[in-house]
Amino acid sequence: MATTARSAFTQDLIDRGYSRRQLAKAAALLGAGAAAMRSVGAGAQQSARPVAGAVQIGANECWTGPFPVAAEAAFKLVKQGNRYEPDNEHAKLFAAVAAVEGIPADRITAWPGSSDPLSRVAIAFASPTRGIVTGDPTYEAIWRTGEWIGAKVTKVPLNKAYAHDVRAMLAADPNAGVYYICSPNNPTGTITPIADIEWLAANKPKDAVLVVDEAYIHWTDTPRAAKLAATRDDVLVLRTFSKLFGMAGMRLGLTLAAPSLMAKMMRYDGAFVTALLPMTAVACGTVSVAQADLIKGRQVEMAANRELAVSFLTKKGYKVIPGSHANMFMVDWGKPAKPMFDALLANNVQIGRSWPIWPNVSRVTVGSTEEMKAFCAAVDKVGKA
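Residues numbered from 1 in each chain as written. Predicted model: local features only at pLDDT ≥ 70, side-chain atom pairs only at ≥ 80, totals over all residues. Heavy atoms only, no water.

Quick look at the pattern of salt bridges
- Summed over all chains, the structure comprises 17 salt bridges.
- For Arg 224, the salt bridge is made with Glu 101, and the minimal N-O distance between the two is 3.0 Å. Of this pair, Arg 224 sits in the loop between strand 6 (209–213) and helix 10 (226–231) while Glu 101 sits in helix 5 (residues 89–101), and the two are 123 residues apart along the sequence.
- Residue classification places Glu 101 among the buried residues on the basis of a relative accessible area of 15%.
- One salt bridge in this structure joins Arg 232 and Asp 234, with 2.9 Å as the shortest N-O distance. (Salt bridge = Lys/Arg side-chain N within 4 Å of Asp/Glu carboxyl O. Helix = DSSP H or I, 4+ residues; strand = E, 2+ residues; numbered from the N terminus. Buried < 20%, exposed > 50% of the residue type's maximum accessible area, 1.4 Å probe, protein only.)

Section: the nonpolar core
- Ranked by internal contacts, the top residues of the largest apolar core, which has 82 residues, are Leu 313, Phe 329, Trp 333 and Phe 375.
- Listed in part, the 28 residues of the second largest apolar core include Leu 13, Ile 123, Val 178 and Leu 238. (Core = buried A, V, L, I, M, F, W, Y, C linked by side-chain atoms within 4.5 Å.)

Considering the packing of aromatic side chains
- Under the criterion given, the structure shown has 6 aromatic pairs.
- Aromatic pair Phe 241 and Phe 245: ring centres 5.3 Å apart, planes at 35°, arrangement tilted. Just as Phe 241 is buried, Phe 245 falls in that class too.
- Ring centres 5.2 Å apart and planes at 80° place the aromatic pair Tyr 318 and Trp 333 in the edge-to-face group. (Phe/Tyr/Trp six-rings, centres within 6.5 Å; stacked < 30°, edge-to-face > 60°.)

Quick notes on unusual backbone geometry
- Here the residue pair Asp 136 and Pro 137 is connected by a cis peptide bond, since its omega of 5° sits within 30 degrees of zero.
- With respect to the helices, strands and loops of the structure, Pro 137 is situated in the loop between strand 3 (132–136) and helix 7 (141–149).
- The linkage connecting Ser 183 with the following residue, Pro 184, adopts the cis geometry, with an omega of -5°.
- Here Pro 184 is to be found in the loop between strand 5 (178–182) and helix 9 (194–203).

A word on the layout of surface pockets
- Estimated volume of the second largest pocket: approximately 300 Å³.
- Taken together, 19 residues make up the lining of the second largest pocket; nearest its centre are Ala 124, Phe 125, Asp 207, Val 209 and Lys 264.
- Listing elements by their share of the lining of the second largest pocket, those giving two or more residues are helix 6 (115–125) and helix 11 (259–266).
- At 3 residues, helix 11 tops the list of elements feeding residues into the lining of the second largest pocket.
- Residues that form the lining of the second largest pocket fall into these classes: 6 nonpolar, 4 polar and 9 charged. (1 Å grid on protein atoms, 1.4 Å probe; cavity = no way out; pocket = protein on both sides within 12 Å on 5 of 7 lines; lining within 4 Å. Points joined across faces, edges and corners; volume = space filled by probe spheres on them. Nonpolar A, V, L, I, M, F, W, Y, C, P; charged D, E, K, R; others polar.)

A closer look at the sheet that holds strand 8 (residues 253–256)
- Pairing is mixed in the open sheet, where 7 strands are placed in the order 2-8-7-6-5-3-4. Among the strands making up the open sheet, the edge pair consists of strand 2 (108–111) and strand 4 (153–157). When strand polarity is set aside, the average angle formed by the axes of neighbouring strands in this sheet is 20°.
- Both strand 5 and strand 6 contribute to a ladder of 5 bridges, which runs parallel. What sits directly across from Ile 181, in strand 6, is Val 212. (Pairing = 2+ DSSP bridges. Axes fitted to C-alpha atoms, helices over the stretch in contact; angles between N-to-C directions.)

Looking at the side chain of Asn 327
- By the secondary structure assignment, Asn 327 is in the loop between strand 9 (319–320) and strand 10 (328–332).
- Accessibility expressed as a relative area gives 0% for Asn 327, which makes it buried.
- Polar contacts involving the side chain of Asn 327 include one to the side chain of Trp 219, which spans 3.2 Å.
- Ignoring any residue separated from it by four or fewer positions in sequence, one finds Asn 327 in contact with Asn 60, Glu 61, Tyr 216, Trp 219, Met 302, Val 364, Thr 365 and Val 366. (Polar contact = N/O pair within 3.5 Å; in protein donor to acceptor, adjacent residues only side chain to side chain. Contact = heavy atoms within 4.5 Å.)

Geometric descriptors of this kind do not, in isolation, establish any biological role.
Laid out in structure tokens, this is it:
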């Protein structure tokens, strides 16, 4: 950080109640850049390392790669890899997203994934007194960063429908700096109704930021929160190309938010985040977002494969958390989940982990038809053992 920016950064965090030690952690995190933010923000939410030869249904990846037409666009950029940005690739991406989402292009920022912006939100808007409120269980990156730098973190159990309980979240900390909703939620795949999200936006403190993580929104046709990011200056929506679009290894994500809100997230280090993005990923994303028919086709295929596995588990007497609209579901084994994870892995099927609030429940990613059949066969074999 430049001297002027460092001084402003120091004073701002002191004014918000951070100790010198906590301030040093936040400065180190920003100074180390996106890689460190991914490391601290990700923490234990990462699935186990993939095991060679096993069916990989534990990391919420898509079972296949980018749409062929999008991969072709990426390859064209490979051949122009000697150029930093051959032909206004960022502008093309923002224009494509703006057309699909109905949001001004100047409210769209691209990132190498979601961990960096989530960590920046925690640093920019949370503090020891103005904390972060999340659901539980949910994606943990933002509160892990918050805990690491010393911000207050409040976790509120999901409601009976396994959605975020927005009224309980506000009641749990009426003066928080950040309210975080993941919808569809990771790990449950359940949706928080847009009416509830709008309620929280209207009733939270005016200077608090509402973060809506829509990493899995493309798996469903449910109403989206982008319209809030298009019209409000206190709502930030996250998107990713890692899920339905099959680009997890290409590292491309988006934030939808007012320029003034984004400026606050950049004020400490002035990072030009878009410069970190590979143009191949940008070109691939630009083409992907416009493929309405292909997106619908993947939605339908995933839902059929999810139903295949859920129906099997239900018939076998296992409880599956209802209401998933994403490429994952959670199964309650009726006993600690870790031994079941190990037993399935011994049969070459690698599922996801459990969450502390539900130690008997595993997250399972929806894969291809063949992968879900292999999962069912392994569960049947392990259950009979």
